[in-house]
Amino acid sequence: MEEDVKVLMKVDSTVQESLLSEVIPDPMEGEQTWPTEEELKEAEDSLKANTKIVKKVPKGTSAYQAAWILDDEEDHGDDESEDYDDDDDMEGEQADAIDEDLSEDEDGSSNEEPEESETLTIPDSTRDDKYDENLDEEEEKQMLERYKLERQDELFPDEVDTPRNQLARIRFQKYRGLKSFRTSPWDSKENLPRDYARIFQFHDFFRTRKRVFRDLEDENEGAMVGWYVTVHISGVPVSVMEQFAQGGPLVLCSLLPHEQKMSVINMVGRRYQGNSEPIKAKEELIFHCGFRRFRASPLFSQHTSADKHKSERFMRSDTSVVVTVYAPIIFPPASVLMFKQRNNGMHDLVATGSVLSVDPDRIIIKRIVLSGHPFKILTRTAVVRYMFFNREDILWFKPVELRTKWGRRGHIKEPLGTHGHMKCLFDGQLKSQDTVLMNLYKRVYPKWNYDPYVAPPVTWVKNENTIEPSEVEMD
């Protein structure tokens, strides 16, 4: 059946959008990588721990009870289980007699019907003799250390120890004190990193977004529903053709203006309830943002309406956080899924959210807290120690305001001696159990490790091992 061929649109170089994604060429281009045979073998070995076993057990037995039922070989292989005391034998005979009396009918006949049974599949983790071989001790140590750091951050938020083998004014030279975190000014263009010379920025992002969507609604050109369209594409990367030749899907989508350019993307994310593993800031994650999929190391910050936003060391499970990465521009609303890749190639969903804005001027402030303890207290004056360990550091941080956990505020008056003791003046008398704190701040930026080539995840396969059902004797 012949149909007329209609040309919908041709390439017009005068109105074509520039495909420049950065101000300077990106030196981090790479080819797509695929899992090696060793990685696939490790993934298969890690799945053996989930092997299932089919047993024949009495009807009504739960999976927990079935896990404790031993096979005939295991039951008869233990010689020590055949040793019983005389008292246990007498109790067993009395119990058998009671059972026979209860099973007799009114006419004296005994009930000898066979016991009903059913087939139940139970996990093989309790029977796996090679469980320790599949356990990665190094990964367990790293996970334990991350749990300890997350717990310590919850109990003592942002507190750090002052080093004794290094001057504090050198260790914390990039930090500054603020009179008020909410009202003190901070210039968003001050001391920007070199990576900010490679990105694009909107003068007014939301106004640009409104104009782009309005122009998109006014366009009437394009294919109608039900049409067959042939698309000719030039300049396709070799890696895309290799993936398409291997049977991978090829998805085509149109880009809005500016969506091919790199910038700083802010997304609102919340932890997935089914995942409780600690997620640390600047840890590599896989993002499914709209139609894009890429790998990046994000920053976490509080979701507030202020002009400065406090950074978070871990992604909290009880509140939403703002995730900041270097990525191509995408206009909201666009859904976001965040995954973490295992060592065996599988992807675990850790958070969900949506795109918030494209704003490189969003100020993310990292806070550290230096702590000291009152040594001598006299009305409003106190001698504090253990915050610094030399006289020069006390004089350097003397202009920074002090506060206590119980709400007192004060300042450093003068150093005492050369071992880090200092006289401080507060707005009220301190308690001996109070703690003196000093807040220091610096602006932080995400890491530029954007990688658009993400290998597909390893498919999760459940292995079940079926054995011949055998009669199981219950003691």
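Residues numbered from 1 in each chain as written. Predicted model: local features only at pLDDT ≥ 70, side-chain atom pairs only at ≥ 80, totals over all residues. Heavy atoms only, no water.

Trainee: For this particular structure, what's the right way to read the overall build of the protein?
Mentor: Looking only at helices and strands, one finds 9 helices and 17 strands in the protein. Buried positions account for 33% of the 475 residues belonging to the protein. Within the protein, counting contacts between residues at least 6 apart in sequence, those at least 24 apart form 77% of the total. Only carbon and sulfur atoms are counted for the fraction: they give 48% of the accessible area of the protein, which is about 32400 Å². (Helix = DSSP H or I, 4+ residues; strand = E, 2+ residues; numbered from the N terminus. Buried < 20%, exposed > 50% of the residue type's maximum accessible area, 1.4 Å probe, protein only. Contact = heavy atoms within 4.5 Å. Areas by Shrake-Rupley, 256 points an atom, 1.4 Å probe, with all protein chains shown as cover.)

Trainee: Looking at this structure, how should I read the pattern of salt bridges?
Mentor: Opposite charge on two side chains permits pairing when their charged atoms draw close. All told, the structure shown has 17 salt bridges when counted by the stated rule. Residues D158 and K310 are paired through a salt bridge, measuring 3.1 Å at the closest nitrogen-oxygen approach. Remark: K310 occurs in strand β7 (residues 308-312) and D158 occurs in the loop between α5 (137-155) and α6 (168-171); sequence separation between them is 152 residues. When sorted by exposure, D158 lands in the same class as K310, which is buried. As a salt-bridge pair, D158 and R313 come within 3.7 Å of each other at their nearest N and O atoms. Taken together, the residues D158 in the loop between α5 and α6 and R313 in the loop between β7 and β8 (321-328) connect sequence positions 155 residues apart. Given a relative accessible area of 4%, D158 falls into the buried group. Assessed through its relative accessible area of 28%, R313 is described here as partly exposed. (Salt bridge = Lys/Arg side-chain N within 4 Å of Asp/Glu carboxyl O.)

Trainee: Explain the side chain of D348 to me, please; I cannot follow it from the model alone.
Mentor: Looking at the secondary structure, you find D348 in strand β10 (residues 347-358). Residue classification places D348 among the buried residues on the basis of a relative accessible area of 18%. A polar side-chain atom of D348 sits 2.7 Å from a polar atom in the side chain of R342. Residues in contact with D348, not counting those within four places in the same chain, are N275, M338, F339, K340 and R342. (Polar contact = N/O pair within 3.5 Å; in protein donor to acceptor, adjacent residues only side chain to side chain.)

Trainee: Honestly, the pairing of β10 in this entry has me stumped. Any pointers?
Mentor: Along any regular strand, the residues point their side chains to alternate faces of the sheet. When strand β3 (residues 262-271) meets β10, the two strands line up antiparallel, connected through 7 bridges. Residue pairing across strands places R270 opposite T352, the latter belonging to β10. In this sheet, β10 lies alongside strand β9 (residues 335-341) in antiparallel orientation, the contact comprising 7 bridges. In the sheet register, K340 faces β10, and the bridge partner there is D348. Between β9 and β10, which pair antiparallel one after the other, the connecting turn spans 5 residues, and G345 there sits at a positive phi close to 95°. (Pairing = 2+ DSSP bridges.)

Trainee: Explanation requested: the environment of S297 in the structure shown.
Mentor: Residue position: S297 is located in the loop between β5 (292-296) and β6 (299-302). Assessed through its relative accessible area of 3%, S297 is described here as buried. Residues S297 and Y450, 153 residues apart in the sequence, show an inter-C-alpha distance of 7.7 Å. Apart from the residues lying within four places of it in its own chain, the contact partners of S297 are K282, E283, E284, V325, P446, K447 and N449. A polar atom in the side chain of S297 sits 2.5 Å from the side chain of N449.

Trainee: Hey, could you run me through the nonpolar core in this one?
Mentor: Note that soluble globular proteins tend to have their nonpolar side chains buried in a common cluster. In terms of nonpolar packing, the biggest core is built from 36 residues, with M267, F287, F294, M315, V325 and M338 touching the most fellow members. Residue assignment for this core shows that the elements contributing at least two residues are α7 (205-218), β3, β4 (285-289), β5, β8, β9 and β10. Tallying contributions element by element places β8 first for this core, with 5 residues. Setting aside its immediate chain neighbours within four residues, F287 contacts M267, R292, R293, F294, A296, P298, V323, V325, V336, L337 and M338. Counting residues in hydrophobic clusters, the runner-up holds 21 residues, among them Y175, M387, L402 and M438. (Core = buried A, V, L, I, M, F, W, Y, C linked by side-chain atoms within 4.5 Å.)

Trainee: What should I look at first to understand the confidence of the model for the protein in this one?
Mentor: The predicted structure's coordinates, where accompanied by low pLDDT, should not be read in detail. Here the protein averages 79 in pLDDT, while 77% of its residues score no lower than 70. Of all secondary-structure elements in the protein, the lowest mean pLDDT belongs to strand β17 (residues 464-465), at 46, while β8 reaches the highest, 95. For the stretch residues 73-85, pLDDT sits under 50, and the model shows 3 contacts to residues farther than four places along the chain or on other chains. Contacts from residues 463-475, a stretch scored under 50 in pLDDT, to residues over four places away or in other chains number 21 contacts. (pLDDT = per-residue confidence, 0-100.)

Trainee: Explain unusual backbone geometry here, please?
Mentor: Where the residue is not glycine, phi is negative for most of them; where a peptide bond is considered, it is trans in most cases. In the segment running from P332 into P333, the intervening peptide bond is cis, with an omega of 0°. Topologically, P333 is positioned in the loop between β8 and β9. Phi at H258 takes a positive value of approximately 75°, unusual for a residue other than glycine. On the secondary structure map, H258 appears in the loop between α8 (238-245) and β3. Its relative accessible area of 19% is what places H258 among the buried residues. In this structure, Y386 is a non-glycine residue whose phi angle is positive, near 70°. With respect to the secondary-structure elements, Y386 resides in the loop between β12 (381-385) and α9 (391-396). The partly exposed category is assigned to Y386, whose relative accessible area is 44%.

Trainee: Mind showing me how you'd approach the pairing of strand β16 (residues 436-443) here?
Mentor: Counting buried positions over the 8 residues of β16 gives 8, a clear majority of the element. On β16, burial covers both faces: V436, M438, L440 and K442 on one face and L437, N439, Y441 and R443 on the other are all buried. Where strand β11 (residues 363-378) meets β16, 8 bridges bridge the pair, whose relative direction is antiparallel. If you follow G372 over to β16, its bridge partner there is V436.

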